[in-house]
Amino acid sequence: PRPIEELEGAIASTAQSRAKITTGNAVVFWFKRDLRIRDNKGLSLAGKKAREAGIPLLCVFVVSPQDYQAHLTSPARVDFELRTLAILKRDLAELDVPLVVETIVKRKKVPEYLTGLCEELGARHLFCNIEYEVDELRRETLLTKRCLEKDIDFSAVHDDVVVAPGRLKTGTGNQYAVYSPWFRSWIRHVHENPELLDEWETPGKNPPSARDKYEHLFDNHIPPAPENKKLGDEEKERFAHLWPAGEHEAMGRLSKFLNEKIGRYQAGRNFPASNSTALISVHHSAGTLAARMSVREARNVNNTKKLDGGNPGIAGWISEIAWRDFYKHVLAHWPYVCMNKPFKYEYTSIEWEYNDDHFDKWRNGQTGFPIVDAAMRQLNHMAYMHNRCRMIVASFLAKDLLLDWRLGEKYFMEHLIDGDFASNNGGWGFSASTGVDPQPYFRIFNPLLQSEKFDADGEYIRKWVPELRDVKGKAIHDPYGRGEGKLAAKNGYPKPVVDHKICRERALARYKAGIGRD
Ligand code: FAD
């Protein structure tokens, strides 16, 4: 069985025994990558349970340095989570609900810590939302069993996605491996089950006695970032300014986008200088905003209840959020994708280049391909990159430099503030042609054409590559090939590190040989 089936099986098989568990003195909700109070299914259910039993709701978040390490979480993201926790703690305190933030160094110890905390608090009910990475699913299966031994009723529910993994099947009862039919099925499923978009109730205030009784829990502090995930002062300030934390910020961004930009989304979304996208991925990824809420609110500003109708900008935006669900479904069904394996087995034998110098130039934005360099510098500065540019740099790494796509996948996770295993793995697999429903391997982006098409005036390049700011007209896309080499060289901008035409042929040959196709 897959880890997700093991977890769902463990929850189902323990249901009877759990039903006999007594009320206890409190209900505990365990926050993970769902750092919000509003429209949080697990939290809402925990709050309801507490209210009905007339006992307090207590919350916990576990800082796990080993998890950060295993998931290659970027320091920018760790910082974002810690800033969000401070806001969450303050907001929960207004409901007289404490949030305990505890560092547990070894992640294997997390189930033991949680059951220990429940015992210490006399809590007999523990709630959380499900995460779909293998280790997380296995941990929750373990926790289900451990809780039962300790007479604790553990509920783990689907909240991170609009449609839970495993619900959409092809005509032959299989998991979809192609986005378009999957998306049609996703749309149909949500139309048939509109309650999937309903907002979950926010928990009410705790009984007044909770303040005194759990005073020590309110006093608990947010720990600093683990040593190897710490940001320098300048970076800390920069990211706090670029990416303010917390669910209020997320809601503000969402309404601003829906009021001002969504109508133009479909026309502008591929142009990195146009500022046409929502810049909201960090909030979906850290859970400061529910994907469900984004879809619902977008639908509510449309002139139809149909998710794939009405304004093309709105329908287009909803379909992008659906990609997020798609990749989570893929991860839950084919968990080996998070074990460093390509989705398609035959893509394991492609012979990659090993060239540290090329990788360094790629990651530092020094390849001599202005659009690639602009994008990598955006990533290094903002911990974020525009989607079109993510595809361009990923294709460039895998097909022009012929470096293993997993190096790029890892670099992205280590630097993105919105790093999300399923979306990142899916995006890299798409661009490198090794993933689920990918670009065909013989479709190789020409960085020059991409640049001319999506950054025609060179505005994005000029913003991120100051060495080329004075280059006029179309030469911005290829200064050395279009008569502006002297200016580029004077300003220290490098020559192209490879020749795209030669690389294209090399990639075609290697991919063909690797996957055994003539
Ligand atoms: P918008 O265009 O406003 O889209 C709205 C939301 O839809 C996003 O916030 C995001 O949650 C979701 N979304 C949009 N496009 C995609 C997509 N292609 N796949 C999955 N979800 C999508 N997204 C991440 O959240 N984390 C990652 O680690 C990540 N890595 C990527 C790596 C590569 C190589 C590629 C090609 C794409 C990756 N993406 C990732 C998807 C996408 O680039 C970002 O979600 C998007 O750029 C975020 O900007 P936005 O919030 O303005 O998006």
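Anything mentioned here points back to the structure above.
These figures come from a predicted structure and were not determined experimentally. (Residues numbered from 1 in each chain as written. Predicted model: local features only at pLDDT ≥ 70, side-chain atom pairs only at ≥ 80, totals over all residues. Heavy atoms only, no water.)

Q: Any chance you could break down the overall build of the protein chain for me, citing the residues and the numbers?
A: Per the secondary structure count, the protein chain includes 25 helices and 5 strands. By the compact-globule yardstick of 24 Å for 518 residues, the protein chain fits well, its C-alpha radius of gyration being 24 Å. Every one of the 518 residues in the protein chain was classed for burial, and the buried ones make up 58%. Taking all contacts inside the protein chain whose residues are at least 6 apart in sequence as the whole, residues at least 24 apart take part in 78%. Once the 75 positive and 71 negative side-chain charges of the protein chain are each reduced to a mean point, those two points are 3 Å apart. (Helix = DSSP H or I, 4+ residues; strand = E, 2+ residues; numbered from the N terminus. Rg over C-alpha atoms; globule rule 2.2 N^0.38 Å. Buried < 20%, exposed > 50% of the residue type's maximum accessible area, 1.4 Å probe, protein only. Contact = heavy atoms within 4.5 Å. Lys, Arg positive; Asp, Glu negative; His and termini not counted. Charge placed at Lys NZ, Arg CZ, Asp CG, Glu CD.)

Q: Outline the site of the ligand, supporting the account with residue identities and numerical values.
A: Surveying the vicinity of the ligand reveals 27 residues, the closest of which are Tyr265, Thr277, Leu279, Ile280 and Asn387. Separating an oxygen atom of the ligand from a backbone N or O atom of Ile280 is a distance of 2.8 Å. Here a nitrogen atom of the ligand sits 3.1 Å away from a polar atom, N or O, in the side chain of Asn424. In isolation the ligand has 820 Å² of accessible area, and contact with the protein removes 96% of it. Elements with a minimum of two residues in the shell around the ligand: α14 (281-286), α16 (312-333), α19 (387-400) and α21 (421-431). The element contributing the most residues to the shell around the ligand is α16, with 6 residues. Residues of the shell around the ligand, tallied by class, amount to 14 nonpolar, 8 polar and 5 charged. (Near = heavy atom within 4 Å. Polar contact = N/O pair within 3.5 Å; in protein donor to acceptor, adjacent residues only side chain to side chain. Areas by Shrake-Rupley, 256 points an atom, 1.4 Å probe, with all protein chains shown as cover. Nonpolar A, V, L, I, M, F, W, Y, C, P; charged D, E, K, R; others polar.)

Q: Provide a residue-level description of the nonpolar core, including the pertinent values.
A: Counting residues in each nonpolar core, the largest one holds 76 residues, and the members touching the most others are Trp30, Leu114, Leu126, Trp182, Trp186 and Trp317. The element contributing the most residues to this core is α16, with 10 residues. Ignoring sequence-local partners within four residues, the contact set of Trp30 consists of Val60, Val62, Val110, Leu114, Leu126, Phe127, Cys128, Arg139, Glu140 and Leu143. Counting residues in each nonpolar core, the second largest holds 61 residues, with Met376, Met382, Ile392 and Ala507 among its members. (Core = buried A, V, L, I, M, F, W, Y, C linked by side-chain atoms within 4.5 Å.)

Q: Before we move on, can you summarise the packing of aromatic side chains with the specific residues and values?
A: The tally for this structure, following the rule as stated, stands at 28 aromatic pairs. Each ring, one from Phe257 and one from Tyr265, has its centre 6.0 Å from the other, and the planes form 85 degrees; the classification is edge-to-face. For the pair Phe257 and Tyr265, a shared accessibility class is recorded, and that class is buried. One residue, Arg211, lies across the ring of Phe218, its end atom 4.2 Å from the ring centre. (Phe/Tyr/Trp six-rings, centres within 6.5 Å; stacked < 30°, edge-to-face > 60°. Lys NZ or Arg CZ within 6 Å of the ring centre and 35° of its normal.)

Q: Outline the side chain of Arg83, listing residues and values.
A: Within the element layout of this structure, Arg83 appears in helix α5 (residues 75-94). In contact with Arg83, not counting residues within four places along its chain, are Phe239, Ala240, Trp243, Pro244 and Ala245.

Q: Can you tell me about helix α17 (residues 356-363), naming the residues and giving the values?
A: Looking only at α17, the buried set comprises His358, Phe359 and Trp362. Take α17 and look down its axis: the buried residues cluster within an arc of 100 degrees, on one side only. Structurally, α17 contributes buried residues whose contacts are with α18 (370-382), α19, α20 (405-415) and α21. Backbone nitrogen of Asp357 and a side-chain oxygen of the N-cap are separated by 3.1 Å at the start of α17; the cap is Asn355. Following α17 by one or two positions, Gly365 adopts a phi angle in the positive range, close to 65 degrees. (Arc of directions from axis to C-beta.)

Q: Hey, could you go over the pairing of strand β2 (residues 57-63) for me, with residue numbers and the actual values?
A: Most of β2 sits out of view: 7 of its 7 residues are buried. Taking every second residue as pointing to the same face, both faces of β2 are buried, with Leu57, Cys59, Phe61 and Val63 on one and Leu58, Val60 and Val62 on the other. With 5 bridges connecting them, strand β1 (residues 26-31) and β2 associate as parallel partners. Across the sheet, Val27 pairs through a bridge with Leu57, a residue of β2. Relative to strand β3 (residues 99-103), β2 runs parallel, the two being bridged by 5 bridges. (Pairing = 2+ DSSP bridges.)

Q: For the pattern of salt bridges, give the residues involved together with the corresponding values.
A: All chains considered together, the criterion is met by 46 salt bridges. One salt bridge connects Asp67 with Arg139, and the closest N-O pair in it is separated by 3.5 Å. Taken together, the positions of Asp67 in helix α4 (residues 65-70) and Arg139 in helix α7 (residues 134-149) put the pair 72 residues apart, joining distant regions of the chain. No difference in accessibility class separates Asp67 from Arg139, as the two residues are buried. With a closest N to O distance of 3.1 Å, Glu260 and Lys256 form a salt bridge. With a gap of 4 residues between them, Glu260 and Lys256 both fall in helix α12 (residues 247-260), about one helical turn apart. Classification of Lys256 as partly exposed rests on a relative accessible area of 49%. (Salt bridge = Lys/Arg side-chain N within 4 Å of Asp/Glu carboxyl O.)

Q: Describe the pairing of β1, naming the residues involved and giving the relevant values.
A: Here β1 lies mainly inside the structure; 6 of its 6 residues are buried. Residues of β1 alternate between two faces, with Ala26, Val28 and Trp30 on one and Val27, Phe29 and Phe31 on the opposite face, all of them buried. Here β1 runs beside strand β4 (residues 123-129); their pairing, made up of 4 bridges, is parallel. Directly across from Ala26, in β4, lies its bridge partner Ala123.

Q: Could you give me a rundown of the environment of Asp357, with the residues and numbers involved?
A: Relative to the helices and strands, Asp357 is located in helix α17. A relative accessible area of 40% means that Asp357 is categorised as partly exposed. The sequence separation of Asp357 and Pro438 amounts to 81 residues, and the corresponding C-alpha distance is 28 Å.

Q: Please provide a residue-by-residue account of the sheet that holds β4, values included.
A: The parallel open sheet is built from 5 strands, whose spatial order is β3-β2-β1-β4-β5. The open sheet has two edge strands, β3 and β5 (153-157), and neither has a second partner. In this sheet, neighbouring strand axes are inclined to one another by 25 degrees on average, regardless of whether the strands run parallel or antiparallel. (Axes fitted to C-alpha atoms, helices over the stretch in contact; angles between N-to-C directions.)

Q: Summarise the packing of α12 against helix α15 (residues 291-300); cite the residues concerned and give the values.
A: Between α12 and α15, the shortest axis-to-axis distance is 11 Å and the interhelical angle comes to 30 degrees. The angle between α12 and α15 places the two elements in the roughly parallel class. Here α12 and α15 pass one another in a crossing that is right-handed. Contacts between α12 and α15 involve Met251, Leu254 and Leu258 from the former and Met293, Ser294, Glu297 and Ala298 from the latter. In the contact of α12 with α15, the residues fall into 5 nonpolar, 1 polar and 1 charged. (Parallel < 35°, antiparallel > 145°, perpendicular 65-115°, else oblique. Left-handed = near helix turned anticlockwise from the far one by under 90°.)

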